[in-house]
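Remarks on the overall topology
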Amino acid sequence: MSAELSRGCVAKCQFCSETTFWRYRGRLANNILDEIEHQYKTLGITSVWFIDSLVNGNLKELHAFAHGIALRKIYIKWMGYSRCDERMDLAYIQDLAASGCDMLSFGVESGSQHVLDLMKKNVKLEHIEQNLFDMTTVGIQAHSNWFVGFPGETEEDFQATLDLCSTARFT
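I will try to describe carefully the structure that is included in this document. Every value quoted in this text rests on a predicted model; they were computed, and no experiment measured them. (Residues numbered from 1 in each chain as written. Predicted model: local features only at pLDDT ≥ 70, side-chain atom pairs only at ≥ 80, totals over all residues. Heavy atoms only, no water.)

Residues Ile-36, Phe-50, Phe-65, Trp-78, Leu-96 and Ile-128 are the most contacted members of the largest nonpolar core, which totals 35 residues. The set of elements that each furnish at least two residues to this core consists of helix H2 (29-43), strand E4 (47-50), helix H3 (59-71), helix H4 (90-98), strand E6 (101-109) and helix H6 (125-138). Once residues lying within four places of it in the same chain are set aside, the contact partners of Trp-78 are Val-48, Phe-50, Leu-62, Phe-65, Leu-96, Ser-99, Gly-100, Cys-101, Asp-102, Met-103 and Leu-104. (Core = buried A, V, L, I, M, F, W, Y, C linked by side-chain atoms within 4.5 Å. Buried < 20%, exposed > 50% of the residue type's maximum accessible area, 1.4 Å probe, protein only. Helix = DSSP H or I, 4+ residues; strand = E, 2+ residues; numbered from the N terminus. Contact = heavy atoms within 4.5 Å.)

Moving on, we get to the packing of aromatic side chains. Two numbers describe a pair of aromatic rings. These are the distance of the centres and the angle of the planes. Applying the stated criterion to the full structure yields seven aromatic pairs. Each ring, one from Phe-50 and one from Phe-65, has its centre 5.4 Å from the other, and the planes form 90°; the classification is edge-to-face. With Phe-50 in strand E4 and Phe-65 in helix H3, this residue pair connects regions lying 15 residues apart in the sequence. Taking the relative accessible area as the measure of exposure, Phe-65 reaches 0% and is therefore buried. A centroid spacing of 6.0 Å and a plane angle of 85° characterise the contact between Phe-147 and Phe-150, whose relative ring orientation is edge-to-face. The partly exposed category is assigned to Phe-147, whose relative accessible area is 26%. Pairwise contacts between aromatic rings join Phe-15, Phe-147 and Phe-150 into one cluster. (Phe/Tyr/Trp six-rings, centres within 6.5 Å; stacked < 30°, edge-to-face > 60°.)

Shown next, in the form of structure tokens:
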């Protein structure tokens, strides 16, 4: 089934119109847990695709959701769109995995800090690398989206992106 934890996005990336259409609004973990528990018990759902622009816009509620899935003994797999975030450390990502998260799709966009800054991604390359590494460590698939030719990107920036894409520690 598809569901939403939130609508909108907390970031204001240079290239994106998401915040033009939606201000960020999130649901409380108990609200979405009740919905999923009902579908799990009555219809036997086994998989949830969160169609939010950003499932981790509110890390506290996402964490509460992950703990609630385990406490309620809801055995599902789930996936969604996310952004890299330094606050998502290994323990946090382990909790996501324990709740059934089996894939997150990240808007990484570039392997160059220069380009990430031009995009106003508000993320450090080292946190991207750590999130992707931790996801691989706990067995969550990390899908990623990339830009090529962003205004101001140099050949060196592009090479940095290729280098990040091919880094062996993510596989």
